[in-house]
Amino acid sequence: DESKLFEDEWGDYIGTKYNLSYPNGTMALQVAMYVAGLRRGDEMICPTLTYWASMLQCYSLGATPVFADVDPNSLCIDPTKIERHITDRTKAIMVVHYFGHPCDMDSILAIANKHGLKVIEDVSHAHGSRYKGRMTGSLGHVSAMSMMGAKPMVVGEGGMLSTNDPTMHQMAIAFAHYARHGEL
């Protein structure tokens, strides 16, 4: 079908093996939070400068957003401001590649690896952006993005979740793609 064809083409474009389309980016971001392990009582570090849809859905999973300052030059989350917010309840770091400018992913991934955290990329404002030769959306553990009319990549209204992790992909299917359970 057309959705699966677009998912495959999107994965070829950004370099991810598993891609699932959604009715909107907000839903894709919520599923990304779920597959990253956010549940009741957990925390997700996110940037102070972003649209509400980058973090608000974590409340529906019972988790809490914790805000870290952004770098004044890039307007992306400042890696030097992340670790002070990590607690035993932190499960993920949400990065937002703001205005097409990729976050400092090397530093962020090093912090995540050091603390056993998942990195979720919000790519809603950076379709086609590259970080050291790799496409945004293929750098973290899971990414999600909006593709509505005001975004760089427009499909009318829609969202996409991308990952190279087969377990995250299976969890995403189980969470919100009921007709595709045969792919598990």
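That block above? That's the structure.
Residues numbered from 1 in each chain as written. Predicted model: local features only at pLDDT ≥ 70, side-chain atom pairs only at ≥ 80, totals over all residues. Heavy atoms only, no water.

Caption draft 1: Spotlight on a nonpolar patch on the surface. There is a patch of nonpolar side chains on the surface, built from Tyr51, Trp52, Leu56 and Tyr59 and spanning about 450 Å² of accessible area. Tracing the backbone through its elements, the reader meets Leu56 in the loop between strand E2 (43-47) and strand E3 (64-68). (Patch = residues over 30% accessible without salt bridge, like charges linked within 9 Å, V, L, I, M, F, W, Y side chains within 5 Å. Areas by Shrake-Rupley, 256 points an atom, 1.4 Å probe, with all protein chains shown as cover. Salt bridge = Lys/Arg side-chain N within 4 Å of Asp/Glu carboxyl O. Helix = DSSP H or I, 4+ residues; strand = E, 2+ residues; numbered from the N terminus.)

Caption draft 2: Inspection of the environment of Asn164 at higher detail. By the secondary structure assignment, Asn164 is in the loop between strand E9 (159-163) and helix H4 (166-176). For the pair Asn164 and Gly15, spaced 149 residues apart in sequence, the C-alpha to C-alpha distance is 8.6 Å. At 2.7 Å, the side chain of Asn164 and the backbone nitrogen of Lys17 are in polar contact. (Polar contact = N/O pair within 3.5 Å; in protein donor to acceptor, adjacent residues only side chain to side chain.)

Caption draft 3: Structural context of the sheet that holds strand E4 (residues 90-96). Read across the open sheet, the seven strands follow the order E1-E9-E8-E5-E4-E2-E3; overall the sheet is mixed. Whereas interior strands pair on both sides, the edge strands pair on one side only; in this sheet they are strand E1 (18-22) and E3. Strand-to-strand twist across the sheet, computed as the mean angle between neighbouring axes with direction ignored, equals 20 degrees. Two strands pair when backbone bridges link them, and E2 and E4 are joined in this way by three bridges, in the parallel orientation. Note on E4: the bridge partner recorded for Glu43 is Thr90. In this fold helix H1 (residues 2-14) packs onto E1, strand E8 (142-146) and E9, with an angle of close to 130 degrees to the strand it touches most, E1. (Pairing = 2+ DSSP bridges. Axes fitted to C-alpha atoms, helices over the stretch in contact; angles between N-to-C directions. Contact = heavy atoms within 4.5 Å.)

Caption draft 4: Inspection of the pattern of salt bridges at higher detail. The full count for this structure, using the stated rule, is four salt bridges. For Glu43, the salt bridge goes to Arg89, with nearest N and O atoms at 2.6 Å. With a gap of 46 residues between them, Glu43 in strand E2 and Arg89 in the loop between E3 and E4 connect regions that are remote in the sequence. Overall, Glu43 belongs to the buried group, its relative accessible area being 8%. In this structure Arg89 comes out as partly exposed when scored by relative accessible area, which is 44%. (Buried < 20%, exposed > 50% of the residue type's maximum accessible area, 1.4 Å probe, protein only.)

Caption draft 5: The arrangement of the packing of aromatic side chains in detail. Tallied over the entire structure, the rule returns four aromatic pairs. Ring centres 5.5 Å apart and planes at 50 degrees place the aromatic pair Trp10 and Tyr13 in the tilted group. Linking Trp10 with Tyr13, this pair stays in helix H1, spanning three residues, or about one helical turn. An aromatic cluster of three or more residues is present, and its members are Phe6, Trp10 and Tyr13. (Phe/Tyr/Trp six-rings, centres within 6.5 Å; stacked < 30°, edge-to-face > 60°.)

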